[in-house]
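Structural description and commentary
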Amino acid sequence: MLKLDREIRDAIVAHAKRDHPDEACGIVAGPEGSDTAARLVEMVNAAGSPTFYEFDSTELLRLYREMDDNDEEPVVVYHSHTATEAYPSRTDTDLAQEPNAHYVLVSTREHGNSAGPVEFRSYRIVDGVVTEEDVTIQE
Amino acid sequence: MAIEVRIPTILRTYTDGQKSVEASGSTLQQIVDDLEANHSGIKERLVEDSGELRRFVNVYVNDEDVRFTGGLETELSDGDQVVILPAVAGGC
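All figures in this text were calculated on a predicted structure; none of them were measured in a lab.

Within chain B, the secondary structure is distributed over two helices and six strands. Each helix and strand of chain B, placed in order from N terminus to C terminus, yields the pattern β-β-α-α-β-β-β-β. Taken over the C-alpha trace, chain B has a radius of gyration of 12 Å; the compact-globule value for 92 residues is 12 Å, and the two agree within 12%. Taken along the three principal axes of its C-alpha coordinates, chain B extends 45 × 30 × 25 Å. For chain B, the proportion of its 92 residues judged to be buried stands at 48%. Nonlocal contacts in chain B, meaning residues at least 24 apart in sequence, comprise 49% of its contacts between residues at least 6 apart. For chain B, the accessible area works out to roughly 4,400 Å², and carbon and sulfur atoms hold 42% of it. Where the 8 positive side-chain charges of chain B centre and where its 17 negative ones centre are 10 Å apart.

Structure representation (structure tokens):
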């Protein structure tokens, strides 16, 4: 199960809506081993694409060094789907390389940049196997 | 030459959980081969059968992405640091 503060959940949704129709991406870092999603880091989608996302390689290094310095790890890796459901695609599954992370998918297909509900779901992706998990929002 | 190599979580199964290992070599190619000699199986995760670095694995030498410094032919000196990071990427 993923536990997420409402503030962080809302910020991820806002990021996804803002970047629609391109995919938005980022992480939520937390203390190593804690499984606590504490610090949202919005990343630029270097692919700038409605169908693909990738962290810029230089920013990726900077982010991991920063987490290393803070004894943090990526607790959540999130991205949006802008025309399809909030479920990991074949590509998402093949490229998932953080076995300890919760992979959060947001779909903006219904309301795009506008206000309105979004699909917000979380998964574990380990060795190509996708397992959906509950998301509990904490006030 | 002793080079520190930072290992990402997903590849620590090859390094008995170690976050960082030492390898020797004067090019990245030699480092990768030395890693393979001590941590069997790791090379396949970094390099394609064709011999190119995998598209979704980033390797940095002293904070520079080796895609811009000659890939596996990038030269190394004593005390350099190699960082391996899986790309964070996907697509619908």
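The subject of this paragraph is the sheet that holds strand β7 (residues 119-126) of chain A. Residue and element names in this part refer to chain A. If you walk across this open sheet you meet the six strands as β3-β2-β5-β6-β7-β8, and the pairing is mixed. Both edges of this open sheet fall to β3 (39-43) and β8 (129-133), since each of them pairs with a single strand only. Strand-to-strand, the axes of this sheet are offset by a mean angle of 30°, without reference to chain direction. Where β7 and β8 come together, five bridges link them in antiparallel fashion. Within β8, the residue paired with Val-126 across the bridge is Val-129. Along the sheet, helix α1 (residues 6-19) contacts β2 (25-31), β3, β5 (72-81), β6 (102-107) and β7; its crossing angle with β3, the most-contacted strand, is approximately 10°.

Turning our eyes to something else, we now look at the pairing of strand β1 (residues 2-5) of chain A. Residue and element names in this part refer to chain A. Residue alternation in β1 divides its side chains into a buried set, Leu-2 and Leu-4, and an unburied set, Lys-3 and Asp-5. Note: β1 against strand β9 (residues 135-138), four bridges, orientation parallel. Within β9, the position partnered with Leu-2 by the bridge is Val-135.

Now for the nonpolar core. Judged by nonpolar contacts, the single largest core of 24 residues is most densely connected at A:Ile27, A:Phe55 and A:Leu63. Of all the secondary structure elements, the ones that give two or more residues to this core are β2, β3, α2 (57-69), β6 and β7 of chain A together with β5 (81-86) of chain B. Top contributing element to this core by residue count: α2(A), with five residues. When residues no more than four places from it in sequence are discounted, the contact partners of A:Leu63 are A:Ile27, A:Val41, A:Met43 and A:Phe55. Among the nonpolar cores identified, the runner-up in size contains 23 residues, and B:Ile3, B:Ile42, B:Leu46 and B:Val61 belong to it.

All names here are of chain A. You can see Glu-133 is positioned in strand β8. Of note is the side chain of Glu-133, whose polar atom sits 2.6 Å from the side chain of Ser-122. When near neighbours in sequence (up to four residues on either side) are disregarded, Glu-133 contacts Met-1, Leu-2, His-102, Ser-122, Tyr-123 and Arg-124.

The step from A:His20 to A:Pro21 runs through a cis peptide bond, and the omega angle for that step is 15°. Within the fold, A:Pro21 resides in the loop between α1 and β2. With a phi close to 55°, A:Asp71 is a non-glycine residue in the positive phi region. Along the chain, the position of A:Asp71 falls in the loop between α2 and β5. A positive phi angle is found at B:Asn62, which is not glycine, with a value near 45°. Along the polypeptide, B:Asn62 turns up in the loop between β3 (57-61) and β4 (64-65).

Within this structure's numbering, the places UniProt gives as "domain: MPN" (unreviewed entry) are residues 2-129 of chain A. Helix makes up 26% of residues 2-129 of chain A and strand 34%, with an end-to-end C-alpha separation of 17 Å.

So, on to the pairing of β5(A). All names here are of chain A. With respect to burial, β5 is a largely interior element, ten of its ten residues being buried. Alignment of β2 against β5, held across seven bridges, turns out to be antiparallel. Residue pairing in the sheet places Pro-31 in a bridge with Glu-72 of β5. Pairing of β5 with β6 involves six bridges; the strand directions are parallel. When the bridges of β6 are listed, His-81 appears paired with Ser-107. Taken together, β5, helix α3 (residues 90-95) and β6 constitute a β-α-β crossover, and its handedness is right-handed.

Conventions and cut-offs
Residues numbered from 1 in each chain as written. Chains lettered and ligands numbered in written order. Predicted model: local features only at pLDDT ≥ 70, side-chain atom pairs only at ≥ 80, totals over all residues. Heavy atoms only, no water. Helix = DSSP H or I, 4+ residues; strand = E, 2+ residues; numbered from the N terminus. Rg over C-alpha atoms; globule rule 2.2 N^0.38 Å. Buried < 20%, exposed > 50% of the residue type's maximum accessible area, 1.4 Å probe, protein only. Contact = heavy atoms within 4.5 Å. Areas by Shrake-Rupley, 256 points an atom, 1.4 Å probe, with all protein chains shown as cover. Lys, Arg positive; Asp, Glu negative; His and termini not counted. Charge placed at Lys NZ, Arg CZ, Asp CG, Glu CD. Pairing = 2+ DSSP bridges. Axes fitted to C-alpha atoms, helices over the stretch in contact; angles between N-to-C directions. Core = buried A, V, L, I, M, F, W, Y, C linked by side-chain atoms within 4.5 Å. Polar contact = N/O pair within 3.5 Å; in protein donor to acceptor, adjacent residues only side chain to side chain. UniProt positions renumbered as here; feature names shortened; annotations may be inferred. Right-handed = clockwise from strand over helix to strand, strands pointing away.

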